[in-house]
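Summary of structural features
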Amino acid sequence: MKKEHKEIIIGGIAVVLIIASCFVSYEKFRTFNPIKGGIGFVKIHIFDEDYFQVNDSPRVILTNPENSNEIFMGIIKNEGYDYIEQAGSAHLIEKDGEREIVDSNINKYIGRWSW
C-alpha cells in the first residue's frame, strides 16, 4: 500500500474516533467536548472533589455518586434556588419566580445534573 493511502486511512480512522468520542461524551456528560467530561470524571474520582461544572449553558454538573443528592441540594441552596419537588429523574427548582426543570442521572460512577 502506498504511503498516501495509509495516511488517508489513518486520518479517516482518527476522524471517526474523534466524532464517536464526542457523541459518547454527550450521552454520558451532556457535552460534546470529551476532554471536559473526562476532566470532571478525573477530578471527582482521583482528586476527590465533590462536583465539577462541565457546562454553563445548558448547565451540567457532575457529582460524586455516593452523595449526589446532597451535593446538588447544597449547590442550588448556595445559588439561591428553592427546591420544589421531584418527579422521577426530574427535579423542579425555582429562583426569583422562575422555575427550571433539572434532569438527573446517577449511576455507579457519576452523578449528572443538567438544566
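This one's a predicted model, so the numbers in the text were calculated from it and none came from an experiment.

The secondary structure content of the protein amounts to 3 helices and 6 strands. Starting at the N terminus and ending at the C terminus, the protein contains elements arranged as α-α-β-β-α-β-β-β-β. C-alpha extents for the protein along the principal axes are approximately 65 × 30 × 25 Å. When contacts within the protein are restricted to residue pairs at least 6 apart in sequence, those whose partners lie at least 24 apart make up 31%. When the accessible surface of the protein is summed, it comes to about 7,700 Å², and 57% of that surface belongs to carbon and sulfur atoms.

Here the focus is the nonpolar core. Core analysis: the biggest nonpolar cluster contains 10 residues, these being Ile-61, Ile-71, Phe-72, Ile-75, Ile-76, Tyr-81, Ile-93, Val-102, Trp-113 and Trp-115. Per-element accounting of this core gives the leading share, 4 residues, to helix H3 (residues 68-78). Contact partners of Tyr-81, with chain neighbours within four places excluded, come to Ile-76, Ile-93, Glu-94, Lys-95, Glu-100 and Trp-115. Phe-29, Val-54, Val-60 and Ile-110 belong to the second-largest nonpolar core, a separate cluster that totals 7 residues.

What follows deals with the pattern of salt bridges. Summed over the entire model, instances satisfying the criterion amount to 3 salt bridges. Here Arg-59 ties to Glu-79 by a salt bridge, and the two come within 2.6 Å at their closest N and O atoms. Taken together, the residues Arg-59 in strand S2 (residues 59-63) and Glu-79 in the loop between H3 and strand S3 (82-87) connect sequence positions 20 residues apart. Arg-59 gets classed as buried once you look at its relative accessible area, which sits at 13%. Using a relative accessible area of 28% as the deciding quantity, one classes Glu-79 as partly exposed. When the shortest N-O distance is used, the salt bridge between Glu-94 and Arg-99 registers 3.9 Å.

How each quantity is defined
- Residues numbered from 1 in each chain as written.
- Predicted model: local features only at pLDDT ≥ 70, side-chain atom pairs only at ≥ 80, totals over all residues.
- Heavy atoms only, no water.
- Helix = DSSP H or I, 4+ residues; strand = E, 2+ residues; numbered from the N terminus.
- Contact = heavy atoms within 4.5 Å.
- Areas by Shrake-Rupley, 256 points an atom, 1.4 Å probe, with all protein chains shown as cover.
- Core = buried A, V, L, I, M, F, W, Y, C linked by side-chain atoms within 4.5 Å.
- Buried < 20%, exposed > 50% of the residue type's maximum accessible area, 1.4 Å probe, protein only.
- Salt bridge = Lys/Arg side-chain N within 4 Å of Asp/Glu carboxyl O.

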